[in-house]
Amino acid sequence: MSESAKWNAAEARAERAYLARGRYRFRLACLGFALAFVLIAGRLVTLGFIGSGPGGGSLRDISTTVHRPDIVDRNGRLLATDIKGATLYADPQKVIDIDELVEQVTSVLPDVNAAELREKLKAGKRFVRIRRELTPKQQEEIYELGLPGLDFIEEYRRVYPLGATASHVVGLVDVDNRGLAGIEKFVDDNPQLTMLHPDTPSSDESVSLSLDLGVQHVLREELTRAMATYHAKAAAGIVMDVHSGEVLALSSLPDFDPNRREQALEKDRLNRIGFGVYEMGSVFKVFTVAGVVDYGLASMHSTFDATGPIHYASFTISDFHGQHRVLSLPEVFTYSSNVGAAKMALEMGIDRHRAFLRKLGLLGRTPTEIGDTAAPIIPAHWQKLNTMTIAFGHGLSVTPLQLATATLPLVNGGIAVTPTFLPRSREEGMSMGTRVLKRQTSAAMIKLMRLNVLKGTGKRANAEGYRVGGKTGTAEKVVGRHYSTSSLLTSFLCTFPTDAPEYLVLVMLDEPQRVPESSNQATAGTNAAPTAGKIIERIGPILGVAPRLPEDQRQFDAKVLASY
Amino acid sequence: MLRFVNVCLVLGLVALAYVIYQVKYEARALDEEIVSLGKQVDQERDALAVLRAEWSLLNRPERIERLAQKYLKLAPTQPRQLVTVDTVSDRDFDRSRFEITAATPPPAATAAAIKPAAKPKAAIATAEAESTTITALPWAAKIVAPVQASAQ
């Protein structure tokens, strides 16, 4: 009994302890759960307060377009930059009512084609781009419509604040901000470029060019004016540094506004300087004369018989400014005698003539940053007749850029330099270049060119004080199958200042008409030459070329000075 | 004794936990600040790009030329207006000084002449406000927005 009672008591004690332990565990578990719930509730409360956090909003920061470096001119003036703009798109799967969406969107963006948009939305893709390049106001209006399924992406957009001014060099980009032409394309192909250039104030990358915006503007403006004055179909011009080979300005009219990229596709707006090939006419005589002088076949005192035209096979070569007598070498140049030039070339012979032109780079493509120039059109069988006509610029078509580049050694002391659109120092240009002419040849050519402006066909290019020297060229264009006497291509190739040439200017006018301003003439001396003269008059001060007047005019006039 | 140490340790633990909690939250706030500042920098940079484009647009040579022709009585420098010092003799110099002083109008006239010059400035401002060339561009509206944003 006592034993069983004792056992019972022990059992009861154990049971009580067990129950107590169970209650304790139960409480612990309750506490644990309560804590967990409090934690979850607290987290919910904090999430509720924070909301979706910073960065929430409708604008997604995924740009589909790449950020491009700025393009600046040699003095750091902006030519092209990137600006952020929103693109509107729709996700058809999230759209509730397609018709309502189309109606509302077109009310804000009237230029969106409603039918087309409806079609695209019904096609059921996940991404339908509605409109690129929204203005902030339009973006806000769309946002306020509050339609589900519409969203924005921020994209970079290229803008060219200067419009068409330097469009042929700078080039343009496609809708995805990829370079299509010009320097823009070059930058894409050469991403290391941006490392060579200092960052802009806003620490963006930039690429600087050899262009000078001031010179570029003057060139374009004067060409525009010339095109209007002489009723020309097109006009083109280039300004180069004769020592470094830098292109300081390049303009080809009509040109295009890179902000309206559809214009660039029009064929008439091509870059005539780099990608158009032309028979340049008499300006080619500079190469013929340089050739005979450099080969030592003629000196300044040599004479050439130009009494009558040359008859060769069924062709006749005659002079425009015919003198009908024996001409000295400078006279052949200043009277622009075709007969004289043809005879010079014959003295050189076909092989040497061709070799000379090849040495100057006129028989192949010239590579540049904005693409290789168009290939010259060379006669398939270079005969005696070809040499005779090429001597005065017919029968060989080259790009004006090649013509300008080939003239550089004629005026810079005989060094051939490659043209460039990126900055290059004169020392670098001279040390990189190869000698192709004797120094004396270059000196003689400069003298001849100056003489031609003082006494010959280029008189109207004589910009006061800037000592211009140059050669006119009037080429007859091939219309149908014959050379036309009314469709002309006039050009003026010149350098200044002639006592120590620094810059080269080439102006070309396509089909200028006989107007009173050009004394009812259509030759280069009456239209291209004065245009070049006006350009030099204005770019001389920009480029820091000191004007020097002849001794008799060079006197101190206090009144003129005082007026400024 | 052991109990006291234990209590101290527990208290220390609690204090440390609190400090760590505090620091973590501060760090998170700083992180958020970095993100928002980065965004602000980006925005400012974009605004700067817009303003530089605007600056470049307003400084187009043809526009400056047009305005100069309209408001300034200046003409391109002619070569005969430039002389180097070595070509000027002392006599020339004395003569020029005399001629300039003789040509200068009396002070009262100068003041009167200067006064109307203040006007064209306002004229430029109004002419620019009305100018269609700038506002016609699609991105022109954007130019105004960042300026207002930074003003706020």
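Residues numbered from 1 in each chain as written. Chains lettered and ligands numbered in written order. Predicted model: local features only at pLDDT ≥ 70, side-chain atom pairs only at ≥ 80, totals over all residues.

*Asks:* Give me the overall build of chain A: which residues, what numbers.
*Replies:* From N to C terminus, chain A includes 18 helices and 21 strands. Here chain A has a C-alpha radius of gyration of 38 Å; the compact-globule value for 564 residues is 24 Å, and the former is much larger. Projecting the C-alpha coordinates of chain A onto the three principal axes gives extents of approximately 165 × 65 × 55 Å. Within chain A, buried positions represent 47% of all 564 residues. The contacts of chain A with a sequence gap of at least 6 include a subset with a gap of at least 24, amounting to 70%. (Helix = DSSP H or I, 4+ residues; strand = E, 2+ residues; numbered from the N terminus. Rg over C-alpha atoms; globule rule 2.2 N^0.38 Å. Buried ≥ 20, exposed ≤ 12 C-beta atoms within 10 Å, placed from the backbone. Contact = placed C-beta atoms within 7 Å.)

*Asks:* Which residues make up the overall build of chain B, and what are the values?
*Replies:* For chain B, the helix and strand inventory stands at seven helices and zero strands. When the helices and strands of chain B are listed from N to C terminus, the series reads α-α-α-α-α-α-α. Counting only residues that meet the buried cut, chain B has 6% of its 152 residues in that class.

*Asks:* Give me the environment of T407(A): which residues, what numbers.
*Replies:* Residue and element names in this part refer to chain A. Looking at the secondary structure, you find T407 in helix 14 (residues 400-411). A C-alpha to C-alpha distance of 8.0 Å links T407 and V286, two positions 121 residues apart in sequence. If we skip the residues at most four places from it in the chain, T407 touches V286, L493 and L504.

*Asks:* Describe helix 9 (residues 285-294) of chain A, and please don't skip the residues or the numbers.
*Replies:* All names here are of chain A. Most of helix 9 sits inside the fold, with 10 of its 10 residues counted as buried. Among all positions in helix 9, only K285, V286, F287, T288, V289, A290, G291, V292, V293 and D294 are buried. Just downstream of helix 9 lies G296, where phi reads positive at about 75 degrees.

*Asks:* Quick one: what's the story with the pairing of strand 10 (residues 247-253) of chain A, residue by residue and with numbers?
*Replies:* All names here are of chain A. Most of strand 10 sits out of view: seven of its seven residues are buried. When strand 9 (residues 234-241) meets strand 10, the two strands line up antiparallel, connected through six bridges. Paired with A236 across the two strands is S252, which belongs to strand 10. Hairpin connection of strand 9 to strand 10: five residues between the antiparallel strands, including G245 at a positive phi of 80 degrees. (Pairing = 2+ DSSP bridges.)

*Asks:* How would you explain the confidence of the model for chain B if you had to name every residue and give the values?
*Replies:* When pLDDT is low, close inspection of the predicted coordinates is not appropriate. All names here are of chain B. The predicted model of chain B has a mean per-residue pLDDT of 70, with 64% of residues at 70 or higher. The lowest-confidence element of chain B is helix 6 (residues 132-135), averaging 36 in pLDDT; the highest-confidence one is helix 1 (residues 2-58), averaging 91. Per-residue pLDDT stays below 50 along residues 106-152; that stretch engages in 25 contacts with residues further than four places along the chain or on separate chains. (pLDDT = per-residue confidence, 0-100.)

*Asks:* Describe in detail the sheet that holds strand 10 of chain A, supporting the description with residues and values.
*Replies:* Note: strands within a sheet are paired through backbone hydrogen bonds, in either parallel or antiparallel orientation. Residue and element names in this part refer to chain A. Spatial ordering of the open sheet is given by 10-9-21-20-19, a layout of five strands whose pairing is antiparallel. Only two strands of the sheet have a single partner each, and these edge strands are strand 10 and strand 19 (469-479). Direction aside, neighbouring strands of the sheet carry axes that sit 15 degrees apart on average. In this structure, strand 20 (residues 482-496) lies alongside strand 21 (residues 503-510), joined through eight bridges in antiparallel fashion. Bridge pairing links L489 to D510 in strand 21. Along the sheet, helix 7 (residues 213-229) contacts strand 9, strand 10 and strand 21; its crossing angle with strand 10, the most-contacted strand, is approximately 25 degrees. (Axes fitted to C-alpha atoms, helices over the stretch in contact; angles between N-to-C directions.)

*Asks:* With reference to specific residues and values, describe the packing of helix 7 of chain A against helix 17 (residues 528-543) of chain A.
*Replies:* Residues and elements named next belong to chain A. Axis separation between helix 7 and helix 17 bottoms out at 10 Å; the angle between their running directions is 165 degrees. As far as their axial angle goes, helix 17 and helix 7 are roughly antiparallel. Helix-helix and strand crossings are classified by hand; for helix 7 and helix 17 the assignment is right-handed. Packed against helix 7, whose contacting residues are G214, V215, V218, L219, E222 and A226, the element helix 17 presents T531, K534, I535, R538, I539, I542 and L543 at the interface. Across the contact of helix 7 with helix 17, the residue classes break down as eight nonpolar, two polar and three charged. (Parallel < 35°, antiparallel > 145°, perpendicular 65-115°, else oblique. Left-handed = near helix turned anticlockwise from the far one by under 90°. Nonpolar A, V, L, I, M, F, W, Y, C, P; charged D, E, K, R; others polar.)

*Asks:* Describe in detail helix 1 of chain B, supporting the description with residues and values.
*Replies:* Over its 57 residues, helix 1 of chain B extends 82 Å from the first C-alpha to the last, a length consistent with the 84 Å expected when each residue adds 1.5 Å. For helix 1 of chain B, the full list of buried residues reads A47(B), A49(B), V50(B), A53(B), E54(B), S56(B) and L57(B). (Expected span 1.5 Å × (residues − 1).)

*Asks:* If you had to explain unusual backbone geometry to someone new, which residues and values would you point to?
*Replies:* All names here are of chain A. That bond from L253 to P254 is cis: its omega, -5 degrees, falls within 30 degrees of zero. By the secondary structure assignment, P254 is in the loop between strand 10 and helix 8 (272-275). The omega torsion across F496 and P497 is -15 degrees, close enough to zero to call that bond cis. When you line up the elements, P497 lands in the loop between strand 20 and strand 21. Notably, N177 is not glycine yet its phi reads approximately 65 degrees, a positive angle. A count of 19 C-beta atoms within 10 Å places N177 in the partly exposed class. Of note in this structure, H231 is not a glycine but carries a positive phi near 50 degrees. Examined against the element boundaries, H231 turns out to sit in the loop between helix 7 and strand 9.

*Asks:* How would you summarise the environment of E428(A) if you had to cite specific residues and measurements?
*Replies:* When you line up the elements, E428(A) lands in helix 15 (residues 426-432). E428(A) sits 184 residues away from S244(A) along the chain, and the two C-alpha atoms are 6.8 Å apart.

*Asks:* Summarise the confidence of the model for chain A; cite the residues concerned and give the values.
*Replies:* In the predicted model, chain A carries a mean pLDDT of 86, and 93% of its residues have values of at least 70. Below pLDDT 50 for its whole length, residues 53-61 of chain A participates in 13 contacts with residues either more than four positions away or in separate chains.

*Asks:* Please set out the environment of V7(B) residue by residue, giving values where relevant.
*Replies:* Residues and elements named next belong to chain B. Position of V7 among the secondary structure elements: in helix 1. You can call V7 exposed: it has 10 C-beta atoms within 10 Å. Once the C-alpha coordinates of V7 and D46 are considered, the two residues, 39 residues apart in sequence, prove to be 58 Å apart.

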